[in-house]
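Spelled out, the chains give:
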Amino acid sequence: MTIAEDLAPTGVLRASINLGNAVLAQGTPDAPSGITVDLAREIAARLDVPVEFVCFDAARKSYEAMTAGRADICFLAVDPAREAEVCFTAPYVVIEGVYVVPKDADFVTPSDVDSAGVRVGVKRGSAYDLHLSRTLRHATVVRGDEGIEVFLAEGLEAGAGIRQPMNRFVAGHPELRVIEERFMQIQQAVGTTKSRRPETVRFLRDLVEELKASGFVAESLRRAGQSDASPA
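Keep in mind that what you see is a predicted model, and the values were worked out from it rather than measured.

Colleague: Help me understand the overall build of the protein, please; the structure alone is not making it clear to me.
Modeller: Counting its secondary structure elements, the protein contains 10 helices and 13 strands. At 18 Å, the protein has a C-alpha radius of gyration in line with the 17 Å of a compact globule built from 232 residues. By principal-axis analysis of the C-alpha atoms, the protein measures approximately 60 × 35 × 30 Å. Scored against the burial criterion, the 232 residues of the protein give a buried share of 53%. Sequence-distant contacts in the protein: of pairs separated by 6 or more residues, those separated by 24 or more amount to 70%. When the accessible surface of the protein is totalled, it reaches about 10200 Å², and 50% of it is carbon and sulfur. Of the side chains in the protein, 26 bear a positive and 33 a negative charge, and the two mean positions are spaced by 2 Å.

Colleague: Is there a simple way to explain the layout of surface pockets in this structure?
Modeller: Empty pockets left among the atoms are what a rolling probe the size of a water molecule brings to light. Looking at the largest pocket, its volume works out to about 420 Å³. For the largest pocket, the lining is made up of 27 residues, of which Gly20, Lys123, Tyr128, Glu146 and Ile162 are closest to its centre. Put simply, the parts of the chain that give the lining of the largest pocket at least two residues each are strand E5 (73-77), helix H6 (127-135), helix H7 (147-153), strand E10 (158-162), helix H8 (163-171) and strand E12 (184-193).

Colleague: I'm lost on the environment of Thr67 in this one. Help?
Modeller: Within the element layout of this structure, Thr67 appears in helix H3 (residues 59-67). Sequence separation between Thr67 and Glu85 is 18 residues; the distance between their C-alpha atoms is 6.9 Å. A polar atom in the side chain of Thr67 sits 3.2 Å from the backbone oxygen of Glu64.

What counts as what
- Residues numbered from 1 in each chain as written.
- Predicted model: local features only at pLDDT ≥ 70, side-chain atom pairs only at ≥ 80, totals over all residues.
- Heavy atoms only, no water.
- Helix = DSSP H or I, 4+ residues; strand = E, 2+ residues; numbered from the N terminus.
- Rg over C-alpha atoms; globule rule 2.2 N^0.38 Å.
- Buried < 20%, exposed > 50% of the residue type's maximum accessible area, 1.4 Å probe, protein only.
- Contact = heavy atoms within 4.5 Å.
- Areas by Shrake-Rupley, 256 points an atom, 1.4 Å probe, with all protein chains shown as cover.
- Lys, Arg positive; Asp, Glu negative; His and termini not counted.
- Charge placed at Lys NZ, Arg CZ, Asp CG, Glu CD.
- 1 Å grid on protein atoms, 1.4 Å probe; cavity = no way out; pocket = protein on both sides within 12 Å on 5 of 7 lines; lining within 4 Å.
- Points joined across faces, edges and corners; volume = space filled by probe spheres on them.
- Polar contact = N/O pair within 3.5 Å; in protein donor to acceptor, adjacent residues only side chain to side chain.

See the structure below:
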């Protein structure tokens, strides 16, 4: 069995794309773009197979498609809860999770948010939902379709999300501010199922390292207008 037959058994590489993370993907399900789309196309080209994009609006849906066999590769944050089902490459880009709070709130650092009585809005199933659910000791996680939406709708004390869209949101809402210090570093990687052969996983890992070293990742981020995201 070749790597192409192992990774794309239908003859088409089915790539699960999360359009809910604007750093990683933009556009529409019919015409997606961004770093994850570019990576999927390059992987397919190396395998000499067509690529098909299976698009979702949340990481948890992208993950579920991967584990249910409806996708061959995914682009997700590395997390222990996901590693039970998914083999990951090293990260190709690193983004940051930050809190948004009311402008007059007393919170200065992320550790201030982890206090009794504090409720933190998160996007259900996101990397920061998984992280905060595991690490917060005193604050309570409140899940919704978007962290900022549940934060506003329920009048919570804080909302969690990715730095770039949080900064853009706060720029139009002077009553809010971002706590500048990150509460987590989110390592975005290429993943596939644990059922793949070792040489297939090694192919993906080696290719990601090549594309980082060659400048492919940095150039893709630049084209997508995401130059403030850091290639890993």
